[in-house]
Amino acid sequence: MIKTVEQHILEQQTNFPHATGEFSWLLSGITLATKIIQSQIQRAGLLAILGATGRVNVQGEEVQQLDEIANRTIVHCLASRGNVGILVSEEDHEPHVIQEAGQSGHYIVLFDPLDGSSNINANVSIGTIFSILHRNPAADGKNVKAHILQPGVRQVAAGYVVYGSSTVMAYTVGHGVHMFTLDPSIGAFVLAQENLFMPPDGKTYSINEAYRWKFPEGIQRYLDWVKLPEAGGYSLRYIGSLVADFHRTLIRGGVFLYPPTTDAPQGKLRLLYEANPLAFIAEQAGGLATDGQERILDKQPRTMHERTPLIIGSKDEVERVRSFWLE
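Residues numbered from 1 in each chain as written. Predicted model: local features only at pLDDT ≥ 70, side-chain atom pairs only at ≥ 80, totals over all residues. Heavy atoms only, no water.

Participant: I would appreciate a short explanation of the pattern of salt bridges in the present structure.
Facilitator: Think of it this way: side chains of opposite charge can pair up when their charged atoms draw near. Following the criterion strictly, the structure yields 14 salt bridges and no others. For Glu-283, the salt bridge identified is with Arg-295, shortest N-O distance 2.8 Å. Pair noted here: Glu-283 is in helix H8 (residues 271-284) and Arg-295 is in the loop between strand S15 (288-290) and strand S16 (307-308), with a separation of 12 residues, a long-range link. For Glu-283, a relative accessible area of 24% corresponds to the partly exposed category. When the shortest N-O distance is used, the salt bridge between Asp-298 and Arg-295 registers 3.1 Å. One salt-bridge network, in which partners are shared between bridges, spans Glu-90, Arg-270 and Glu-274. (Salt bridge = Lys/Arg side-chain N within 4 Å of Asp/Glu carboxyl O. Helix = DSSP H or I, 4+ residues; strand = E, 2+ residues; numbered from the N terminus. Buried < 20%, exposed > 50% of the residue type's maximum accessible area, 1.4 Å probe, protein only.)

Participant: Whenever I open this one, the sheet that holds strand S13 (residues 255-258) confuses me. Can you help?
Facilitator: Across a sheet, strands are paired by hydrogen bonds formed along the backbone, either parallel or antiparallel in direction. A sheet is described by the order of its strands in space; here five strands give the open sequence S12-S11-S13-S17-S15, paired in mixed fashion. Only two strands of the sheet have a single neighbouring strand rather than two, namely strand S12 (235-236) and S15. Two strands pair when backbone bridges link them, and strand S11 (residues 204-206) and S13 are joined in this way by two bridges, in the parallel orientation. The residue bridging Tyr-205 from the neighbouring strand is Val-255, located in S13. Taken strand by strand, helix H9 (residues 315-325) contacts S13, S15 and strand S17 (310-313), and its axis lies near 150° from that of S17. (Pairing = 2+ DSSP bridges. Contact = heavy atoms within 4.5 Å. Axes fitted to C-alpha atoms, helices over the stretch in contact; angles between N-to-C directions.)

Participant: Would you mind going over the packing of aromatic side chains with me for this structure?
Facilitator: Scanning all chains against the criterion turns up eight aromatic pairs. A centroid spacing of 5.8 Å and a plane angle of 70° characterise the contact between Tyr-222 and Phe-324, whose relative ring orientation is edge-to-face. One end of the pair, Tyr-222, is in helix H6 (residues 217-225); the other, Phe-324, is in helix H9, with 102 residues separating them in the sequence. Taking relative accessible area as the criterion, Phe-324 reaches 13% and is therefore assigned buried. Ring geometry for Trp-225 and Phe-324: centres 5.6 Å apart, planes at 45°, overall tilted. Taken together, the positions of Trp-225 in helix H6 and Phe-324 in helix H9 put the pair 99 residues apart, joining distant regions of the chain. One aromatic cluster is present, built from ring pairs that chain together Tyr-205, Tyr-222, Trp-225, Tyr-234 and Phe-324. Directly above the ring of Trp-25 sits Arg-81, whose terminal nitrogen or CZ lies 3.8 Å from the centroid. One cation-aromatic arrangement involves Arg-212 over Trp-213; the distance from NZ or CZ to the ring centre is 4.4 Å. (Phe/Tyr/Trp six-rings, centres within 6.5 Å; stacked < 30°, edge-to-face > 60°. Lys NZ or Arg CZ within 6 Å of the ring centre and 35° of its normal.)

Encoded structure:
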């Protein structure tokens with residue numbers, strides 16, 4: 001029997017404290033936006049919307065035309081939900097405060113509208129990542145940043161969508177990870193797997209080894225070790241699109257590494273839009289996520305666009321990487 005993502009969360013609301021009808025309404029805005037984005041990506045070459053805009057975003061990255069389309073689409077689909085008060089995008093300097101929502105706007109949605117967009121022209125899988133928070137009850141109502149800058153452990157929900165050979169959505173509200181596949185014949189995300197569990201180990205590591213000599217010595221020792229016969233035969237798999245690399249790791253096990261470098265000692269991935277939501281999903285699936293020193297979900301963000309190192313994946317593999325790093 002077909003079960004959509006909206007039906008799934010409504011049926012499970014007795015077990016999920018945040019999965020109310022109101023939350024389902026918010027989630028339907030996200031699924032609507034990602035279906036529109038998927039359609040635009042699929043027809044990008046035909047619509048002549050491939051390539052860069054000539055603009056550089058707040059992250060210092062060249063903005064692709066599809067970045068802007070995805071960003072506008074998510075803002076448009078969520079700003080009118082009524083229960084979303086603040087939208088925070090990786091692409092924008094400042095948050096979108098939805099004044100019309102008033103006191104009803106108690107949800108905050110943070111998102112990377114199109115992760116891996118530099119790979120668009122190469123037809124590599126890309127995706128959307130999102131994180132959902134409640135307004136911080138301890139914060140001054142007028143202090144927008146105080147509501148946004150909450151540690152990942154306070155996330156109400158998180159998820160991602162991968163646009164690839166099929167369009168897949170995974171999400172958690174803190175009680176397991178559930179995966180859905182977009183059925184284009186009915187235009188709905190249909191349940192594919194409930195309570196997904198990441199293998200506790202895996203012989204796959206994912207990292208851009210071209211930066212090897214810029215990594216900490218402990219990471220270099222780990223990369224030497226995985227190539228030894230006694231390691232048991234590891235394989236390197238690196239797509240260069242975070243959401244696609246994480247999706248593979250979630251399904252098959254292993255570890256994804258984006259450690260600090262001499263050029264970027266604070267790391268490159270964004271804490272609020274990338275690391276926090278994926279860490280929440282990883283932990284709910286039995287995995288781990290760390291910056292090498294600290295659990296990702298315990299990190300207190302200081303700025304909206306803060307960056308972090310990230311080691312994420314199967315529990316045993318993440319702990320193995322840390323053992324080399326902390327030697």
